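Take a look at the letters that make up each chain.
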Amino acid sequence: MEQYIQPFIKVCETVFRDFCQTEVTPGRVFFVTKHETHWDISGIIGLSGDASGAVAISMMDVTAFKIASTLTGAEHTSIDDDVTDAVGELINIIAGNVKKDFEDQLRIKISLPSIVKGKSHTIVWPSEKTRIICIPFTVFSDQEFCLSVAMDTQK
């Protein structure tokens, strides 16, 4: 699993720079439990094919507001349709680019994004035995988000 983490970091750095006009700084990667969360909104994409599992981006509402404002040009102060669309599009772009990076090694299909919102919500992951890796990032110099990856490879 660890050999697959670097492409996720690289893609997040590129996506945030190109689409959100901001730099992100990855933190120390760690394993999380299935029920560990303190975020306000998450965008989730399922993986199938040579690798199965899911990828999720989770953040506090203020971070999602700032991302949506950057993408739409309008100010956001609640988790409205534009904010959920922005989070969904972000995870879709990240998963799509990582899928492209893995084309030589793994054939992966990605699902449509799903959004989970609510204070300290829970993400139910596809498999009980898959370890979940959290890649924390700092964004906008003082905010955080987490890219969580749970992936079992068939190869």
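First, a word on scope: everything that follows refers to the structure included in this document. No experiment lies behind these values; they were computed from the predicted model shown.

This part covers unusual backbone geometry. If you check the backbone angles, Gln21 has positive phi at about 50 degrees while not being a glycine. With respect to the element layout, Gln21 can be found in the loop between helix H1 (5-20) and strand S1 (24-26). For Gln21, a relative accessible area of 55% puts it in the exposed group.

With that settled, the discussion passes to the packing of H1 against helix H2 (residues 61-72). When two helices pack together, you describe them by how their axes are tilted relative to each other and by the distance separating the axes. With their axes 9 Å apart at the nearest point, H1 and H2 run at an angle of 50 degrees to one another. Judged on the interaxial angle alone, H2 and H1 are oblique. Along the contact surface, H1 presents Phe16, Phe19 and Cys20, while H2 presents Ile67, Thr70 and Leu71. Taken together, the residues of the contact of H1 with H2 sort by class into five nonpolar, one polar and no charged.

The subject of this paragraph is the pairing of strand S3 (residues 41-49). Relative to strand S4 (residues 51-59), S3 runs antiparallel, the two sharing seven bridges. Directly across from Leu47, in S4, lies its bridge partner Gly53. Taking the residues between adjacent antiparallel strands as the criterion, S3 and S4 are bridged by one residue. In this structure, S3 lies alongside strand S6 (residues 114-117), joined through four bridges in antiparallel fashion. By the bridge assignment, Ser42 is partnered in S6 with Val116. In the sheet, S3 pairs with strand S5 (residues 108-110) via three bridges, with the strands oriented antiparallel. Note that in S5 the partner of Gly49 across the bridge is Ile108.

An ideal rise of 1.5 Å per residue puts 30 Å on 21 residues; helix H3 (residues 81-101) measures up with 30 Å between its terminal C-alpha atoms. Within the sequence span of H3, burial applies to Val83, Thr84, Ala86, Val87, Gly88, Leu90, Ile91, Ile93, Ile94, Ala95 and Val98.

Between its first and last C-alpha, H2 extends 16 Å over 12 residues, near the 16 Å set by a 1.5 Å rise per residue. Buried within H2 are the following residues: Asp61, Thr63, Ala64, Phe65, Ile67 and Ala68. Among the structural elements, H1, S3, S4, H3, strand S7 (132-139) and strand S8 (143-153) are those in contact with the buried residues of H2. Backbone geometry just downstream of H2 places Gly73 in the positive-phi region, at approximately 80 degrees.

What counts and what doesn't
Residues numbered from 1 in each chain as written. Predicted model: local features only at pLDDT ≥ 70, side-chain atom pairs only at ≥ 80, totals over all residues. Heavy atoms only, no water. Helix = DSSP H or I, 4+ residues; strand = E, 2+ residues; numbered from the N terminus. Buried < 20%, exposed > 50% of the residue type's maximum accessible area, 1.4 Å probe, protein only. Axes fitted to C-alpha atoms, helices over the stretch in contact; angles between N-to-C directions. Parallel < 35°, antiparallel > 145°, perpendicular 65-115°, else oblique. Contact = heavy atoms within 4.5 Å. Nonpolar A, V, L, I, M, F, W, Y, C, P; charged D, E, K, R; others polar. Pairing = 2+ DSSP bridges. Expected span 1.5 Å × (residues − 1).

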